[in-house]
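Each chain, written out:
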Amino acid sequence: MRVIPFFYWTMAGKPGRQWRSMCRGLVLGTFLTSCTILLYCLSAPQSSSSHREVPVPFSCAHRPAQLRPKALANSSLQPTGQTCTPKVDIMFMKTHKTASSTLLNILFRFGEKHRLTFAFPNSRNDFFYPSLFQRSQVKDYRPGMCFNILCNHMRFNAAEVTRLLPGDTSYITILRDPAELFESSFHYFGRLVPFTWKISGDDKLAEFLREPRYYFDPDGFNAFYLKNLLFFDFGQDNTLERDDPRVEEGIRSITDRFQLVMLVEYFEESLILLKDALCWEMDDVLFFKLNARMGSTVSKLTPELRAKALEWNAVDWKLYRHFNQTFWKKVDAYGRRQMAEDVAELRRRNAEMASVCIEGGRAVEAGSIRETAMQPWQPIGEKSIMGYNLKKNVDKARRTLCRKMLTPELQYLTELGVNLWITKLWGRVRDIINW
């Protein structure tokens, strides 16, 4: 949740709006935004430095009956004939605009199925991003508690995460081509970054990339969304130059911490590697793509704009190229032929579930989603994120699974017991702003 001053609404007001409506919206929006900021400040958690240190157990896995050891076949984990036990202590570093909501849905379903304990934020859907993660931000946190899964948006803070999670935790994350990520971030978050308001023309992204240093203010509100966002999410300085030695140090620290770094561009291959790394079953990684943009809002970067976007996000590009290499080394270790067979099986299973669960077999625009419970969160000022309609008369055996696979992130968090009152209040403010 990000709060912005309401005067933006007046700057971007629709032509022809009646003055009375503008004043009414201004008064209501300013009032609600002020209340939101006040409540946000009052709800900010205490620093975890006040907690007495209690060691976290090496493992918080309770090994339920459903998680029996399984035989390994064609796996990179151990020689064939060995067994592995499914891993349940997991830290998923949820980066922005990287299909991470789809992965979150997979983790929610797995954790709920096996009665695992999530480390959730309190009152909102992220850990007070963009501040660095603190243990005190975890709902009902007490030193020494056992948490199995940590997966909501945060700005990574290794020291605090390792003091929260058990020693046998598997650390995983996902990256995206920085040019495509920048375009997506500019579309989704651009209106929340005040220095973009002065950009003229119909194609604001192209104008920004023409001379980014003219527009960009590194100290500006929400500026991190528009430069090296991946590096920032990992708790690093996103304003560093590409050849700064601290960039290599940051990449090395990520390499040392994360056992698996997936790639959006090879999402299905990434899920097969995830299944392998965590000793899961194919059923555990079935998915429907969540938070997809409708085609009319997806910008096709020209080669020139792509080059400029990569130059502007040079640190992210360096990070991505490094983990692109490690990704394909893992694919080679798994076996290219076996990977192709498993990806084909995953696609077949997903297509089967889509035919069972989704009306029409595909995502629809926001206005065509019938159930409120199936409507995803939208960027401010438009409704470009697509969702699904659950097919009627789904057989009882699959109906629950279908609904869970289609449920957007915020609604699923609510079902799992997270009180999202700050996020919901901000949603009301957004409704006023878009009035």
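It should be noted that the structure appears before, not after, this text.
Keep in mind it's a predicted model, so treat the numbers as computed, not measured.

Chemist: What am I meant to see in the side chain of asparagine 350 here?
Modeler: By secondary structure assignment, the location of asparagine 350 is in helix H13 (residues 336–357). You can call asparagine 350 buried: its relative accessible area is 8%.

Chemist: Got a minute to help me understand the pattern of salt bridges in this structure?
Modeler: When the charged atoms of two side chains with opposite charge come close together, those side chains can pair. Inspection of the entire model under this criterion finds 22 salt bridges. In this structure, arginine 135 engages glutamate 160 in a salt bridge whose closest nitrogen and oxygen atoms are separated by 3.1 Å. A residue pair is termed long-range when its members are at least 10 positions apart, and arginine 135 in the loop between helix H3 (100–113) and strand E4 (149–150) and glutamate 160 in helix H4 (residues 158–164) qualify at 25 residues. Of the residues examined, arginine 135 reaches a relative accessible area of 3% and is grouped as buried. Judged by its relative accessible area of 7%, glutamate 160 falls in the buried class. Arginine 347 is the partner of glutamate 268 in a salt bridge, and the nearest nitrogen-oxygen pair spans 2.9 Å. You can see glutamate 268 sitting in helix H10 (residues 267–278) and its partner arginine 347 sitting in helix H13, a full 79 residues away along the chain. Judged by relative accessible area, which is 45%, arginine 347 ranks as partly exposed. One network of salt bridges, in which partners are shared, links Asp283, Glu345, Arg348, Arg349, Glu352 and Arg398.

Rules and cut-offs
Residues numbered from 1 in each chain as written. Predicted model: local features only at pLDDT ≥ 70, side-chain atom pairs only at ≥ 80, totals over all residues. Heavy atoms only, no water. Helix = DSSP H or I, 4+ residues; strand = E, 2+ residues; numbered from the N terminus. Buried < 20%, exposed > 50% of the residue type's maximum accessible area, 1.4 Å probe, protein only. Salt bridge = Lys/Arg side-chain N within 4 Å of Asp/Glu carboxyl O.

All we've got here are geometric facts, nothing functional implied.
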